[in-house]
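Survey of secondary and tertiary structure
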Amino acid sequence: CLIMVLEALRPRSFSEREKSYTIKVFTFQFFTHFSSLIYVAFFLGRINGRPGSYVRLAGKWRLEECHPSGCITDLFIQMFVIMTLKQTLSNLMEYWLPKPQRINVEQISQDSCKEEWLWNYQLNEVNVFTLFDEYMEMMIQYSFTTIFVAAFPLAPLLAFINNLFEIRLDAIKMVKLQKRMVPKKANTIGIWYYILETIGILSVIGNGLVLAITSDFIPMLVYQYTFSPCKQKNNTGIDCLTGYINHSLSVFNVQHFENTMNLTDPMGNKITHCRYPDYRNSDDYGHSVKFWYIFAARVAFLFVFEVSVCLAKFGRTYHTESFCLLQQSVTDIQISCSIINRLLVEILPFHSSIVVEHLSFNSSIAGEDYPQELGLYTAAVK
């Protein structure tokens, strides 16, 4: 059975092998680069439990918490490091590492023509994967730029600045450090187009999840329109987000810690309760009503966001297809008109002249006069 499966999956042409290899390598690279970002955005601080019932690795080590300002800050910092430090180091390594090893060609040959050949012969080799690596680098950068752009809006700007330098570095690398590539005819970019389409879909899903889950956008909206002082009477002059921090914290009794301890503040007073960021009840530490309000709002926002983007995409696609059909119809009409025009201007006069010559020749042989109908026919054609 395994042999049959492998036989069915075996590519039967070079293009199929290239597509299969591209999809597998991109999938591996994608999860390698984005595993940490996905963990920070959607899992960090959400699977570590609560005070008194923390999740521990091997029963000893606690999981990492989010930044006090929220997990969106951790995601922002990591994206900043990737879009600045990582791209800079990648460009430097890409330029400095493939330095060709030069030898003293003047001692080998005194011929200037052969000397140039020897210099070119020492350049780095190129293969079918040379351009593949460039495409892969651009796809990963495009993924970083789009999927988590809601957490780091400067990503497109930093990618643009990086590409300005990378264009020149790639030009120097291809002209001075590598041998000349063999041109290959291609109609499109192939499987990379569908990878770009997939990245676009993932970017819509990823940014929707970042806005709905990672950021405090939805909890702040729920508080502003449900629990804020603005919803109370005679409080129109107060900021609607007043008291949001206190609203987003839950109360915990320090006596319920795993290891009972006596805590005191800097003034020496005994601490009986503490606050932690979550929406839980103070008695049984179950999720409160506020949590379910916010959860429902997050699901509703995510649904509306995704559906709106899909409708906008389908509307744009329908408009583009309609325009293309209209343009094709106009083009077909123009082609038909040009064919008819050519038929009237070039082909029919040519055939009419042949008919006139044939009839006039037959009339001259028979000793008859030039037919009057033939003159009318010639005038009509002209």
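These numbers come from a predicted model, not from an experiment.

It is worth spelling out the environment of tyrosine 135 at this point. By the element assignment, tyrosine 135 lies in helix α5 (residues 130-147). Here the alpha-carbon distance between tyrosine 135 and tryptophan 192, two residues 57 residues apart in the chain, equals 7.9 Å.

The next thing to look at is the pattern of salt bridges. Tallying each qualifying case throughout the model produces four salt bridges. A salt bridge links lysine 173 to glutamate 134; the nearest nitrogen and oxygen atoms lie 2.6 Å apart. In this pair, lysine 173 is assigned in helix α6 (residues 155-177) and glutamate 134 in helix α5, connecting sequence segments 39 residues apart. For the pair lysine 173 and glutamate 134, one class covers both residues: buried. In this structure, aspartate 278 and arginine 280 form a salt bridge, with 2.8 Å as the shortest nitrogen-oxygen distance. Looking at aspartate 278, the relative accessible area reads 19%, which means it is buried. Salt bridges linked by common partners bring Glu134, Asp170 and Lys173 together as one network.

One non-glycine residue, tyrosine 285, lies in the positive phi region at around 60°. By the secondary structure assignment, tyrosine 285 is in the loop between β8 (273-277) and α10 (289-366).

Bringing α5 into the picture now. In this model, α5 (18 residues) spans 26 Å end to end at C-alpha, consistent with the 26 Å of a helix rising 1.5 Å per residue. Residues of α5 that are buried include every one of Thr130, Phe132, Glu134, Met136, Met139, Ile140, Gln141, Ser143, Phe144, Thr145, Thr146 and Ile147, and no others. Structurally, α5 contributes buried residues whose contacts are with α2 (14-42), α3 (71-96), α6 and α7 (191-214).

A separate point is the UniProt feature "transmembrane region" (unreviewed entry) in the protein chain. Under the local residue numbering, the UniProt record ascribes the feature "transmembrane region" (unreviewed entry) to residues 21-44, 139-165, 186-213 and 291-312. Taken end to end, residues 21-44 comprises 92% helix and 0% strand; its first and last C-alpha atoms sit 33 Å apart. Secondary structure content for residues 139-165 is 74% helix and 0% strand, and the end C-alpha separation is 17 Å.

Reading guide: rules and limits
- Counting restarts for each chain: residues are numbered from 1 in the order of the written sequence.
- Local features are withheld for residues below a pLDDT of 70 in this predicted model, meaning they are given only at 70 or higher, and side-chain atom pairs are given and counted only at 80 or more; totals for whole chains, interfaces and linings count all residues.
- The basis for every side-chain value is the complete set of non-hydrogen atoms in the structure, without hydrogens or water.
- Secondary structure elements follow DSSP: runs of H or I of four or more residues count as helices, runs of E of two or more count as strands, with numbering from the N terminus.
- The salt bridge criterion pairs a side-chain nitrogen of Lys or Arg with a carboxyl oxygen of Asp or Glu, the two atoms within 4 Å.
- Buried means the residue's accessible area, taken with a 1.4 Å probe over protein chains only, is under 20% of the maximum for its type, while exposed means over 50%, and partly exposed covers the values in between.
- Here a helix's expected span is defined as the number of its residues, less one, multiplied by 1.5 Å.
- In this description, contact between two residues means that some pair of their heavy atoms is separated by no more than 4.5 Å.
- UniProt positions are given in the numbering used here, feature names are shortened, and annotations may be inferred rather than shown by experiment.

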